[in-house]
Amino acid sequence: MLAHGRVRLITRTSSWLRNVHTTRTHKEDTRWPGWQLVVGIEVHAQIKSKRKLFSGEHEAFTSDLSDAPNTHVSAFDAAFPGTLPRLNPICVELGVRTAIALNAEVQQRSAFDRKHYFYADLPSGYQITQQYAPIARNGRLVLEKDDVAVRIKQIQLEQDTGKSTFLPRNRLTAIDLNRAGTGLMEIVSEPDMRSPEEAGSYVRTLQAVLRSVGSSDGNMEQGSLRCDVNVSVNRVGGPPGTRCEIKNLNSVKNMMVAITCEAFRQIALLDQGIPVTQETRGFDEEKAETYSLRSKEDAPDYRYMPDPNIPPLLIDKGYIDAIRRKMPELPPATRARLLSQGLSERDVDVLMDVDSGREVRFDGELGRGAVAYFDEVSRGRDPKAAVNWITHELLGQLAFRNETFTDNPISVEQMGELIDLVQNGKVTGTSGKTILRHILSTRTPDLPSKIAEELQLLTVSDGGASLEKWCRDAIAALPEEAEVVRRGNVKVVNKIMGHVMKASRGTAKAQDVRAMLLKLLQS
């Protein structure tokens with residue numbers, strides 16, 4: 001087994017050395033002139049399945065942070081003697097979805113290994129993973145904004161561990177096994193990133209992909225997506241540097257800061273002639289610095305061995321093709337479709353940023369986000385008008401109320417009718433905004449047409465008589481401004497318009513008010 005492990009180690013190390021300088025053209029970074037930063041990332045994404053990876057059909061369900069400790073633990077999770085693993089097929093399906101979305105080659109034969117290490121939150125003394133025969137290989141994720149393609153080395157299914165919490169008052173470590181056995185996907189990139197910003201873009205893009213296919217909610221704050229980052233530096237044109245791994249980074253911001261700090265640390269050592277030691281490091285958020293955890297383990301240290309209780313996972317090509325046919329729309333396709341409808345880059349960015357935070361339900365069921373909402377509202381309507389009302393008015397009002405799109409109480413039918421009322425001239429844009437705020441404040445299910453009638457916001461259809469009266473009253477109320485307009489300074493008419501709009505309670509159209517005022521003042 002050790003010989004097998006060493007052979008694999010040499011292969012992986014030589015792969016790092018071989019690829020590190022051949023895939024990217026160097027661009028000078030002013031933060032570290034003369035140096036090249038090389039970054040590879042291992043992402044651990046929790047699979048969004050109701051059941052754990054091997055814990056049995058009715059024994060232990062996936063937990064969340066609100067659950068009491070050790071209430072979602074099966075006998076297998078706690079490593080009771082005689083318990084056997086039973087593979088959850090939903091985790092396999094979601095793993096295949098992810099592989100397809102990342103343009104990876106799904107392996108028709110994969111296998112599970114035991115990775116041995118001894119922590120209190122790992123009762124069995126080993127983690128079941130897929131180090132040597134992963135479910136997918138050779139993927140690719142394009143970072144469109146950076147014009148970079150990051151290669152995915154492999155995707156493997158594995159178990160999550162439990163959670164250890166140190167209690168300083170009692171000088172004890174509390175163990176919670178709720179998370180133990182939860183399905184993970186480890187997505188291993190090649191070292192293709194050259195800056196902290198590219199690394200951040202990679203994780204954000206990967207989060208959007210995982211959410212779009214429903215395989216993971218990618219929530220770093222809640223621990224369902226964690227990153228281990230491999231960082232090395234070398235002189236431009238020189239041999240590759242020694243890499244250090246920074247473990248368990250739980251936000252994109254912290255990851256970018258950690259990469260920057262580690263790059264400066266390694267450069268400072270090399271400038272002093274001190275070699276960088278290959279090791280595993282942690283990140284202190286308060287001090288903004290990395291610190292040594294342990295010397296870097298390699299494959300022999302984990303004593304990998306095939307899991308004797310789990311046969312090889314055989315996936316039929318027909319099964320893969322069936323999943324491929326049912327794949328949801330991926331972010332690049334969504335972006336292209338929205339742009340083809342005449343939406344601006346900015347509007348598409350806003351829609352997709354909001355959509356990336358949509359709810360991801362269990363077992364691959366897709367939540368409804370901002371893009372789906374826009375698609376329904378814009379059906380049979382002007383897409384530009386629809387996106388303006390959603391991104392500018394609706395999202396703006398939600399943000400003002402410290403709410404997110406998931407709190408949106410305005411139904412597709414309500415939003416669609418509101419846009420129709422404004423577009424058809426039955427209410428003004430100002431009145432439309434009043435109606436939108438009314439729905440958000442009252443959470444009423446009433447349609448905008450009924451609300452407009454109740455609030456007397458419908459435009460007046462009396463041949464312009466009411467408009468003329470409002471305008472004459474405004475001229476009489478503001479004689480000095482009216483005289484300035486008569487002398488040719490038409491910019492002042494805006495102040496008189498404000499008086500008219502207030503008198504009409506927003507039911508008068510601004511362009512009609514302006515035209516009527518100029519007609520009365522210049523005749």
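Residues numbered from 1 in each chain as written. Predicted model: local features only at pLDDT ≥ 70, side-chain atom pairs only at ≥ 80, totals over all residues. Heavy atoms only, no water.

Caption draft 1: Highlighting the overall build of the chain. Looking only at helices and strands, the chain features 17 helices and 16 strands. Its C-alpha atoms give the chain a radius of gyration of 30 Å, clearly above 24 Å, the size a compact globule of 523 residues would have. Dimensions of the chain, computed from the C-alpha atoms along their principal axes, are close to 100 × 60 × 55 Å. Among the 523 residues that make up the chain, the fraction classed as buried is 50%. Pairs at least 24 residues apart make up 69% of the contacts formed inside the chain by residues separated by at least 6 positions. Of the roughly 25400 Å² of accessible surface on the chain, 51% is carried by carbon and sulfur atoms. Each charge class in the chain was averaged separately, 69 positive and 68 negative side chains, and the resulting centres sit 1 Å apart. (Helix = DSSP H or I, 4+ residues; strand = E, 2+ residues; numbered from the N terminus. Rg over C-alpha atoms; globule rule 2.2 N^0.38 Å. Buried < 20%, exposed > 50% of the residue type's maximum accessible area, 1.4 Å probe, protein only. Contact = heavy atoms within 4.5 Å. Areas by Shrake-Rupley, 256 points an atom, 1.4 Å probe, with all protein chains shown as cover. Lys, Arg positive; Asp, Glu negative; His and termini not counted. Charge placed at Lys NZ, Arg CZ, Asp CG, Glu CD.)

Caption draft 2: The arrangement of the nonpolar core in detail. If you look at the biggest cluster of nonpolar residues, it comprises 66 residues, and the most contacted ones within it are Ile 41, Ile 187, Tyr 202 and Cys 227. Ranked by residues supplied to this core, first place goes to helix H4 (residues 252–271) with eight residues. Sequence-distant contacts of Cys 227, defined by excluding residues within four places in its chain, comprise Ile 41, Glu 42, Val 43, Val 203, Met 220, Ile 246, Lys 247, Asn 248, Leu 249 and Met 255. If you look at the next biggest cluster of nonpolar residues, it comprises 34 residues, including Leu 343, Ile 390, Leu 421 and Leu 436. (Core = buried A, V, L, I, M, F, W, Y, C linked by side-chain atoms within 4.5 Å.)

Caption draft 3: Fine view of the layout of surface pockets. Of the voids in this model, the second largest pocket is the one considered here, and its volume is about 1200 Å³. What lines the second largest pocket is a set of 42 residues, among which Arg 204, Thr 205, Ala 208, Pro 331 and Ser 356 lie closest to the centre. Elements with a contribution of two residues or more to the lining of the second largest pocket: strand E6 (136–143), helix H3 (196–213), helix H7 (331–340), helix H8 (345–355) and helix H9 (370–378). No other element matches H3, which puts eight residues into the lining of the second largest pocket. Grouping the amino acids of the lining of the second largest pocket by side-chain chemistry returns 16 nonpolar, eleven polar and 15 charged. (1 Å grid on protein atoms, 1.4 Å probe; cavity = no way out; pocket = protein on both sides within 12 Å on 5 of 7 lines; lining within 4 Å. Points joined across faces, edges and corners; volume = space filled by probe spheres on them. Nonpolar A, V, L, I, M, F, W, Y, C, P; charged D, E, K, R; others polar.)

Caption draft 4: Structural view of the packing of aromatic side chains. For the structure on display, the rule yields seven aromatic pairs. An angle of 70 degrees between the planes, with centres 5.1 Å apart, marks the rings of Tyr 117 and Tyr 119 as edge-to-face. Tyr 119 sits in the partly exposed class, given a relative accessible area of 42%. Taking NZ or CZ as reference, Lys 115 lies 4.4 Å from the ring centre of Tyr 302, over its face. (Phe/Tyr/Trp six-rings, centres within 6.5 Å; stacked < 30°, edge-to-face > 60°. Lys NZ or Arg CZ within 6 Å of the ring centre and 35° of its normal.)

Caption draft 5: Molecular detail of the environment of Gly 416. Along the chain, the position of Gly 416 falls in helix H11 (residues 412–423). Sequence spacing of Gly 416 and Arg 265 is 151 residues, and the spatial spacing of their C-alpha atoms is 56 Å. If sequence neighbours within four positions are ignored, Gly 416 has contacts with Val 377 and Arg 381.

Caption draft 6: Broad picture of the pairing of strand E7 (residues 148–159). Taken across its twelve residues, E7 has nine buried, putting it largely inside the fold. By the bridge criterion, seven bridges tie E6 to E7 in an arrangement that is antiparallel. Residue pairing across strands places Gly 139 opposite Ile 152, the latter belonging to E7. Linking E6 to E7, which pair antiparallel, is a turn of four residues; within it Asp 147 sits at a positive phi near 55 degrees. (Pairing = 2+ DSSP bridges.)

Caption draft 7: Spotlight on the sheet that holds E7. What the nine strands build is an open sheet, ordered E2-E6-E7-E10-E1-E11-E12-E13-E14; its pairing is mixed. A strand with exactly one partner marks an edge of an open sheet, and here the two such strands are strand E2 (105–106) and strand E14 (289–295). In this structure, strand E1 (residues 35–46) lies alongside strand E10 (residues 183–189), joined through five bridges in antiparallel fashion. Paired with Ala 45 across the strands is Met 185, a residue of E10. Strand contacts of H3: E1, E6, E7, E10 and strand E11 (225–235), with the helix running at about 110 degrees to E6, the strand carrying the most contacts. Contacting E1, E11, strand E12 (244–249), strand E13 (279–284) and E14, H4 runs over the sheet at an angle of about 30 degrees to E11. (Axes fitted to C-alpha atoms, helices over the stretch in contact; angles between N-to-C directions.)

Caption draft 8: Up close: the pairing of strand E5 (residues 126–129). Judged by which residues are buried, E5 turns out to be covered on both faces: Tyr 126 and Ile 128 on one side and Gln 127 and Thr 129 on the other are all buried. Both strand E4 (residues 113–116) and E5 contribute to a ladder of four bridges, which runs antiparallel. Looking at the pairing, Lys 115 lines up with Gln 127 of E5.

Caption draft 9: Region of interest: the sheet that holds E4. Taken in spatial order, the three strands line up as E5-E4-E15 in an open sheet, and their pairing is antiparallel. Each edge of the sheet is formed by a strand with only one pairing partner; in this case those strands are E5 and strand E15 (305–306). Note that E4 and E15 share two bridges and pair antiparallel. For Arg 114, the partnering residue across the bridge sits in E15 and is Met 305.

Caption draft 10: The pattern of salt bridges, seen in detail. A full pass over the atoms with the stated rule returns 31 salt bridges. Taking the shortest distance from any N to any O, the salt bridge between Asp 160 and Arg 226 comes out at 2.9 Å. Of this pair, Asp 160 sits in the loop between E7 and strand E8 (163–167) while Arg 226 sits in strand E11, and the two are 66 residues apart along the sequence. Each member of the pair, Asp 160 as well as Arg 226, is classed as buried. For Arg 335, the salt bridge goes to Asp 349, with nearest N and O atoms at 2.8 Å. Note that Arg 335 is positioned in helix H7 and Asp 349 in helix H8, a separation of 14 residues in sequence. Here the salt bridges share partners, and the residues they tie into one network are Glu 144, Arg 335, Glu 345 and Asp 349. (Salt bridge = Lys/Arg side-chain N within 4 Å of Asp/Glu carboxyl O.)

Distances and angles like these do not, on their own, reveal function.
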